[in-house]
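The residues making up each chain are set out below.
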Amino acid sequence: MSKSKKAEKAAEEAFEKAAKAVKEARRLADKAGKRAKKQAKQLESTLEKLAKRAQERLAERSTVTTPEVAVPKAPKKAEAAGKVAKPAQQGASKSKAAAAKRPAQSDLSTKTVVELRALARERGLSGYSRLTKADLIALLQR
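All residue numbers refer to position in the chain's written sequence, counted from 1. At least 70 in pLDDT is required for a residue's local features to be given in this predicted model, at least 80 for side-chain atom pairs to be given and counted, and no such filter applies to totals for whole chains, interfaces and linings, which use all residues. The side-chain values count all of the structure's non-hydrogen atoms but skip hydrogen atoms and water molecules.

**Q** Residue-level account of the overall build of the protein chain, with values.
**A** Segments assigned H or I by DSSP are reported as helices when at least four residues long, segments assigned E as strands when at least two residues long, and all are numbered from the N terminus. Within the protein chain, the secondary structure is distributed over six helices and zero strands. Overall, the protein chain shows an N-to-C arrangement of helices and strands of α-α-α-α-α-α. For every residue, the accessible area obtained with a 1.4 Å probe (protein chains only) is divided by the maximum for its type, and the residue is called buried under 20%, exposed over 50%, and partly exposed between those limits. The buried share of the protein chain, taken over its 142 residues, is 6%. Put simply, of all contacts in the protein chain between residues at least 6 apart along the chain, 32% involve residues at least 24 apart. For the protein chain, the exposed area adds up to about 13,000 Å²; of that, 57% sits on carbon and sulfur atoms. In what follows, residue pairs with any heavy atoms lying within 4.5 Å of each other are defined as contacts. Accessible surface area values rest on a Shrake-Rupley calculation with a 1.4 Å probe, where residue burial reflects the displayed protein chains alone.

**Q** An account of a positive patch on the surface is needed here, citing residue identities and associated values.
**A** Only residues whose relative accessible area exceeds 30% and that take part in no salt bridge are eligible for patches, with like-charged residues grouped when within 9 Å of each other and nonpolar side chains (Val, Leu, Ile, Met, Phe, Trp, Tyr) grouped when within 5 Å. Salt bridges are defined by distance alone: a side-chain nitrogen of Lys or Arg within 4 Å of a carboxyl oxygen of Asp or Glu. Lys and Arg are tallied as positive, Asp and Glu as negative. Neither His nor the chain termini are counted. Working definition for charges: the position is that of NZ of Lys, CZ of Arg, CG of Asp or CD of Glu. Together, Lys-49, Arg-53, Arg-57 and Arg-61 make up a positively charged patch on the protein surface. On the secondary structure map, Arg-53 appears in helix α1 (residues 3-62).

**Q** Please set out the pattern of salt bridges residue by residue, giving values where relevant.
**A** Opposite charge on two side chains lets them pair, provided their charged atoms get close. One pass over the structure, following the stated rule, counts one salt bridge. Glu-24 serves as the salt-bridge partner of Arg-27, at 2.6 Å between the closest nitrogen and oxygen. Of this pair, Arg-27 and Glu-24 both sit in helix α1, three residues apart, which is roughly one turn of that helix.

**Q** Describe in detail the confidence of the model for the protein chain, supporting the description with residues and values.
**A** What pLDDT expresses is the predictor's confidence in each residue, scored from 0 to 100. Scored by pLDDT, the protein chain has a mean of 77; 68% of the residues are at 70 or more. Per-residue pLDDT, averaged within each element of the protein chain, yields its smallest value for helix α3 (residues 87-101) (51) and its largest for helix α5 (residues 113-122) (92).

**Q** So what's going on with the environment of Thr-132? Which residues, and what values?
**A** Following the sequence through the fold, Thr-132 ends up in the loop between α5 and α6 (133-141). Polar contact is the term for a pair of N or O atoms within 3.5 Å; when the atoms are in protein, one must be able to donate a hydrogen and the other to accept it, and sequence-neighboring residues count only if both atoms are side-chain atoms. Looking at Thr-132, its side chain comes within polar contact range of the side chain of Asp-135, at 3.1 Å.

**Q** I'd like a rundown of α6, residues and numbers included.
**A** Taken together, the buried positions of α6 are Leu-136, Ile-137, Leu-139 and Leu-140. One side of α6 holds all its buried residues, which, seen down the axis, span an arc of 165 degrees. Summarising the geometry, the arc corresponds to the directions from the helix axis toward the C-beta atoms.

In structure tokens:
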């Protein structure tokens, strides 16, 4: 074989190898493109969910809720006329009023320390500023 035929054969082999390499490179590029598209779709979906959640939370925060306020009942005719209730009834009404002022344990435990301090301030208590949450709850339940 002459040198030119060997060179032609080597060139053909090199060309075939190059064509295979180009084909493989295109296949890998397509595969990577599909993977990238799939990841992009997942990220888009995640972003949409997060945006929706953020809008819901913003709507919750912007909604103003008014606390329910108990409307005082009109005094009975006997009390309005200046008659005094029986002493036994007075003690019962005082304990009911005291119980109404004191929230239940579960109500207090759901409040923050700042809210508990505000409640202690409203009740005219002193020495509450350095208390822990548990101590504040105990103080407010007395």
